[in-house]
Amino acid sequence: MIEVENLTKQFGSKHAVEDLSFTVRKGEVLGFLGPNGAGKSTTMRMITGFLPPTAGDAKVCGISVVDRPSEAKTKIGYLPESAPLYNDMTVYGFLKFCASIRGLGGSAKKDAVERAIETCFLENVAKQSIDTLSKGYRHRTCLAQALLHDPEVLILDEPTDGLDPNQKHEVRQLIKRLGEKKAILFSTHILEEVDAACTRAVIVDRGRIVADGTPAELIEQSGTGSLTDLFRRVTTRDTEQAA
Amino acid sequence: MSSLTIYKRELSSYFSQPTAYAIIVIFLIGSLGLTFTFGNFMRIGDASLEWSFFFWHPWIYMLLAPAVGMKLWADEQRTGTIELLGTFPVSTWSAILGKFLAAATVWLVALLLTFPIVITVNYLGDPDNGAIIAGYIGSFLVCCTFLAITMLVSACTRDQVVCLIVSVTVCVMMVLCGYDDFKMAVSKSAPSFVSFLVDLIPFVNIANIQTGIDQTAATIVEGVTSIGVWEHFRSLNRGLFRLQDLVWFGSFIVLCLLGTSAILSSKRA
Ligand SMILES: Nc1ncnc2c1ncn2[C@@H]1O[C@H](COP(=O)(O)OP(=O)(O)OP(=O)(O)O)[C@@H](O)[C@H]1O
Ligand SMILES: [Mg+2]
């Protein structure tokens, strides 16, 4: 459902993403790992059609985001890294706005908003103004926005960032549950999440894939039985880079 | 369709916060206050409102219109919501249109709320209401022009203050250029400015130089006046619908909006 083909992004002379290729099929949850600045967010921004790639293409449900962006965007639900929201709206108003911009109307819109509020546990803050929300609730509101139109493809940039342990657990369960019927790509810095929610994981470093496999395969590759060891071995640490 | 959704959101954002109310109140106080004081509305009995009322509008807009438009893209870039907007299935163009129309609506409301002055002139005298409507249209077009400029500037920066300062400067230039006193000053200084430039360039043909200077100076004066809003505003103000004015305003606005779209897409590349 997500096909990334030789995706490349250059900022000036800097290569943020270099010749990246992978696919995520329906029913798969792909964990996207990598050190800070590896190019995870940049890759996601290109797949969602926010950034135009320097080279290569990404296809969502067979639709190229480069050639037919508006069509591809209807298939995607996206949670950006910083969970941006319109601060002058209420949670309910914001979700209603997002639903109508997704082309939902009437009772379908109302149902979609209520379902998203329920899924993301936002009942208590639905009438609250967004600029008074705590960080975790902001994050969940933005996640709710990504689920509104029941997209076939979900792209979540650090969906558990800033959530409390209960909510982290809930979101992982949610990702796992949704993953049965959708294609999900999500990035994270918490390696336990790979085991908890992913069917497959890739590790990127400086714009290139350095490891790819199911959680079990990756643990086997590590030799020591710990994903952290593998992660530390295959990615460059800033200290080495500076040297 | 998606323009309409964005339009509604922007409009409710203006009216759910103090911005729109503050702007409208200041505009009403400013425009009506100036009419009755410096405009000498009562004494000269200006029933067409041309000099006492509409004359002041560009001066007020050049300061206040950027305050309405400055947040349109600057805020979106600062808070990162542009990433949401950019991944929704809407074109940049419909977002631009929705936002622009929302800001224009705030000003339309402000303008409509000056209706007491129309009632007053109709009560006191026998004005040409057609000319008054033309005056309102001209005034609204000037305002939209300034909003379009502000929108263009706001696409360039994530900082609202920078946007405000730059767009006020541009709008002030547009009001001053073509204002008669300013035009006179320019035509006086243009020839000496041009000959100063000519002195800097060695080896020019001295024989034809004076006519050359005069021509260049005239071109400068003409160029400066043509970017000013007055010429186009005045004729509408007199109740004259000239196609060229409408075309001028229309193409200026469309050009600014196209520029906005170009800047927004180039920023992402
Ligand atoms: N607009 C931009 N202009 C210039 N460089 C950029 C821009 N956006 C990202 N980069 C660079 O691209 C590289 C990849 O950034 P990216 O945000 O994709 O990293 P990331 O993997 O998401 O990191 P993190 O784990 O910290 O979120 C970084 O070196 C970053 O500095
Ligand atoms: Mg990131």
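Residues numbered from 1 in each chain as written. Chains lettered and ligands numbered in written order. Predicted model: local features only at pLDDT ≥ 70, side-chain atom pairs only at ≥ 80, totals over all residues. Heavy atoms only, no water.

Focus on the interface of chain A and chain B
Selection criterion: Should any heavy atoms of two residues lie within 4.5 Å, those residues are considered in contact. Once two parts are joined, some of their accessible surface, as seen by a 1.4 Å probe, is lost; buried area is that loss totalled over both. Between Lys or Arg on one side and Asp or Glu on the other, a salt bridge is scored when a side-chain nitrogen of the former is within 4 Å of a carboxyl oxygen of the latter. Put simply, DSSP marks the helices as runs of H or I at least four residues long and the strands as runs of E at least two long, and each gets a number from the N terminus on.
In this assembly, 26 residues from chain A lie in contact with 22 residues from chain B. Carbon and sulfur atoms supply 65% of the area buried between chain A and chain B, which totals about 2200 Å² over both sides. Of all residues in chain A, Phe50, Tyr86 and Ile101 of chain A bury the most surface against chain B, accounting for 33% of the area lost on that side. Linking chain A to chain B there are two salt bridges. Between Glu83 of chain B and Arg45 of chain A there is a salt bridge; the shortest N-O distance is 2.9 Å. Contributing elements (two or more residues each) for the side of chain A that touches chain B: α2 (69-74), α3 (91-101) and α5 (135-147) of chain A. Of the residues forming the side of chain A that touches chain B, the biggest block, five residues, is contributed by α3 of chain A.

Topic: the coordination of the magnesium ion (ligand 2)
All names here are of chain A. Heads up, the condition is: Metal donors were taken as nitrogen, oxygen and sulfur atoms no farther than 2.8 Å from the ion, or 3.2 Å where the ion is Na, K or Ca. Water is excluded, so coordination may look unfinished. Buried, partly exposed and exposed residues are distinguished by accessible area as a fraction of the type maximum, computed with a 1.4 Å probe on protein chains only: under 20%, between the cut-offs, and over 50%, respectively.
Ser41 (OG) and Glu81 (OE) make up the full set of protein donors to the magnesium ion (ligand 2), lying at 1.9 to 2.3 Å. You can see Ser41 sitting in helix α1 (residues 40-47) and its partner Glu81 sitting in the loop between β6 (76-79) and α3, a full 40 residues away along the chain. For Glu81, a relative accessible area of 29% puts it in the partly exposed group.

Brief notes about the domain arrangement of chain B
Residue and element names in this part refer to chain B. Selection criterion: Where each domain starts and ends comes from a domain assignment, either automatic or drawn from a database.
Segmentation of chain B into domains returns domain 1 (2-178 + 228-268) and domain 2 (179-225). Spacing between the C-alpha centres of domain 1 and domain 2 amounts to 34 Å. In this complex, domain 1 contributes nine residues to the contact, which on the side of domain 2 involves six residues. For the pair domain 1 and domain 2, the two sides together bury roughly 680 Å², of which 57% comes from carbon and sulfur. Contact with domain 2 buries surface across domain 1, with Leu176, Cys177 and Gly178 losing the most and accounting together for 56% of the total. Across the contact surface, domain 1 and domain 2 share zero salt bridges. Of all the secondary structure elements, the ones that give two or more residues to the side of domain 1 that touches domain 2 are α10 (160-176) and α13 (230-237).

Considerations on the site of ligand 1
Residue and element names in this part refer to chain A. Put simply, the test is: Any residue with a heavy atom lying within 4 Å of a molecule or strand is counted as near it. For this analysis, a polar contact is any N or O atom pair within 3.5 Å, provided that within protein one partner can donate a hydrogen and the other can accept it, and provided that sequence-adjacent residues contribute only side-chain to side-chain pairs. Areas reported as accessible are Shrake-Rupley estimates using a 1.4 Å probe. Residue values count occlusion only from the protein chains shown. Polarity classes work like this: nonpolar for Ala, Val, Leu, Ile, Met, Phe, Trp, Tyr, Cys and Pro, charged for Asp, Glu, Lys and Arg, and polar for all others, with Gly in that last group.
Surveying the vicinity of ligand 1 reveals 14 residues, the closest of which are Gly37, Lys40, Ser41, Thr42 and Glu81. With respect to ligand 1, the backbone of Ala38 contributes an N or O atom lying 3.2 Å from an oxygen atom. Contacts to ligand 1 include His189, whose side-chain N or O atom sits 2.8 Å from an oxygen atom. Contact with the protein chains covers 66% of the free accessible surface of ligand 1, which is 640 Å². Secondary structure elements with two or more residues in the shell around ligand 1: β2 (14-24) and α1. Of the residues forming the shell around ligand 1, the biggest block, three residues, is contributed by α1. Here the shell around ligand 1 is built from residues that sort into four nonpolar, six polar and four charged.

A word on the pattern of salt bridges
Counted according to the given criterion, the structure contains 16 salt bridges over all chains. For Asp150 of chain A, the salt bridge goes to Lys182 of chain A, with nearest N and O atoms at 2.6 Å. With Asp150 of chain A in the loop between α5 and β7 (153-157) and Lys182 of chain A in the loop between α6 (165-179) and β8 (183-187), this residue pair connects regions lying 32 residues apart in the sequence. Linked through salt bridges whose partners overlap, the residues forming this network are Asp88 of chain A together with Arg9, Glu10, Lys71, Glu76 and Lys99 of chain B.

Some details on the side chain of Thr5 of chain B
Along the chain, Thr5 of chain B turns up in helix α1 (residues 2-15). We classify Thr5 of chain B as buried; its relative accessible area is 9%. Beyond its immediate stretch of four places on either side in the chain, Thr5 of chain B contacts Phe97, Ser100 and Ile101 of chain A.

Overview of the domain arrangement of chain A
One frequent convention defines the size of an interface as the accessible area lost when the parts assemble. All names here are of chain A. As far as domains go, chain A holds domain 1 (2-75 + 151-242) and domain 2 (82-150). Using C-alpha coordinates to define each centre, domain 1 is positioned 24 Å away from domain 2. Listed by partner, the interface residues are 18 residues for domain 1 and twelve residues for domain 2. Of all residues in domain 1, the largest losses of buried area upon contact with domain 2 belong to Pro151, Gln167 and Leu174, amounting jointly to 35% of the total for that side. Seen at the junction of domain 1 and domain 2, the total is two salt bridges. At the junction of domain 1 with domain 2, the criterion picks out four residue pairs in polar contact (both at pLDDT 80 or more). Of all the elements in the fold, those that place two or more residues in the side of domain 1 that touches domain 2 are α2, β7 and α6. Examining the composition of the side of domain 1 that touches domain 2, we find that six residues originate from one element, α6, more than from any other. Residues belonging to the side of domain 1 that touches domain 2 are distributed by class as follows: eight nonpolar, three polar and seven charged.

Observations concerning the sheet that holds strand β4 (residues 55-60) of chain A
Residues and elements named next belong to chain A. For clarity, the cut-off: Any two strands with at least two DSSP bridges between them are considered paired. An axis is simply a line fitted to the C-alpha atoms; with a helix, the fit covers only the stretch in contact. Between two such axes, the angle follows the N-to-C directions and lies from 0 to 180 degrees.
Pairing is antiparallel across the open sheet formed by four strands, whose spatial order is β2-β1-β4-β5. Strand pairing shows two members of the sheet lacking a second neighbour, β2 and β5 (63-64), which therefore form its edges. Judged from the five bridges that link them, strand β1 (residues 2-11) and β4 form a sheet pairing that is antiparallel. Counterpart to Glu5 in the pairing with β4 is Asp57. Contacts from α1 reach β1, β2 and β4, with the element oriented near 115 degrees to β1.

Digging into the pairing of β1 of chain A
Residues and elements named next belong to chain A. Sheet analysis places β1 next to β2, joined by seven bridges and oriented antiparallel. Residue pairing across strands places Phe11 opposite Lys14, the latter belonging to β2. Between β1 and β2, which pair antiparallel one after the other, the connecting turn spans two residues, and Gly12 there sits at a positive phi close to 60 degrees.

Description of the sheet that holds β7 of chain A
All names here are of chain A. Read from one edge to the other, the open sheet built from six strands follows the order β6-β7-β8-β3-β9-β10, with strand pairing classed as mixed. Strands at the two margins of the open sheet, each flanked by one partner only, are β6 and β10 (208-213). Recorded for the sheet is a direction-independent mean angle of 15 degrees between the axes of neighbouring strands. When β7 meets β8, the two strands line up parallel, connected through five bridges.

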